[in-house]
Amino acid sequence: MPVIGRKYFNWDNSDDRRVILSGPTNLARASDIGGINPKPPTVVFDELHKHVKWKSLIKGFFDTYQKQVRIIVTGSSRMDVFRRGGDSLMGRYFLYRMHP
């Protein structure tokens, strides 16, 4: 059972991975999206690029809850792979590259 109010999900954590894979509705419930908040919560997905269909997951989640949530996707790999084929994230992202 997901912990209500979680805002950080790490793909490398098996419990977090289970919540992510349970679908947008369960992920929104686990993140307390739609609750009584003065501003939308920020949900962080770390290492999500390891999920084969991470782009379509983010696209679907954003398209469904865009007015109710802010999303940050981080990872240790190159996250700009969305520029090549597959589901377009155009208009849904801002790329920010940090160097060590």
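Heads up: the structure comes first, above all this text.
As the structure is a prediction and not an experimental result, all values here were calculated from the model.

Calculation criteria
- Residues numbered from 1 in each chain as written.
- Predicted model: local features only at pLDDT ≥ 70, side-chain atom pairs only at ≥ 80, totals over all residues.
- Heavy atoms only, no water.
- Pairing = 2+ DSSP bridges.
- Helix = DSSP H or I, 4+ residues; strand = E, 2+ residues; numbered from the N terminus.
- Axes fitted to C-alpha atoms, helices over the stretch in contact; angles between N-to-C directions.
- Contact = heavy atoms within 4.5 Å.
- Phe/Tyr/Trp six-rings, centres within 6.5 Å; stacked < 30°, edge-to-face > 60°.
- Buried < 20%, exposed > 50% of the residue type's maximum accessible area, 1.4 Å probe, protein only.
- Right-handed = clockwise from strand over helix to strand, strands pointing away.

**Concerning the sheet that holds strand 2 (residues 42-46)**
- Taken in spatial order, the 3 strands of this open sheet run 1-2-3, and their pairing is parallel. If you trace the sheet from one side to the other, it starts and ends with strand 1 (8-10) and strand 3 (70-74), each paired once. Averaged over all pairs of adjacent strands, the angle between strand axes in this sheet comes to 15°, irrespective of strand direction.
- Inspection of the sheet shows strand 1 paired to strand 2 by 3 bridges, in the parallel sense. In the sheet register, Asn10 faces strand 2, and the bridge partner there is Asp46.
- Together, strand 1 and strand 2 form the strand contacts of helix 1 (residues 14-21), whose direction differs from that of strand 1 by roughly 105°.
- Across the sheet, helix 3 (residues 54-65) lies against strand 2 and strand 3, angled at about 165° from strand 3, the strand it touches most.

**Observations regarding the packing of aromatic side chains**
- Enumeration over the complete set of coordinates arrives at 3 aromatic pairs.
- Each ring, one from Phe45 and one from Phe61, has its centre 5.9 Å from the other, and the planes form 90°; the classification is edge-to-face. Of this pair, Phe45 sits in strand 2 while Phe61 sits in helix 3, and the two are 16 residues apart along the sequence. No difference in accessibility class separates Phe45 from Phe61, as the two residues are buried.
- With 5.4 Å between their ring centres and 50° between their planes, Phe61 and Tyr65 make a pair best called tilted. Here Phe61 pairs with Tyr65, and both are found in helix 3, just 4 residues apart, close to one helical turn.

**Some thoughts on unusual backbone geometry**
- Even without glycine at this site, Asp32 takes up a positive phi of about 60°.
- Mapped onto the fold, Asp32 is located in the loop between helix 2 (24-30) and strand 2.

**Here we look at the pairing of strand 3**
- Bridging between strand 2 and strand 3 involves 5 bridges; their strand directions are parallel. In the strand pairing of strand 3, Asp46 is matched with Thr74.
- Viewed along the sheet, the connection from strand 2 through helix 3 into strand 3 turns out right-handed.

Structural measurements only, silent on function.
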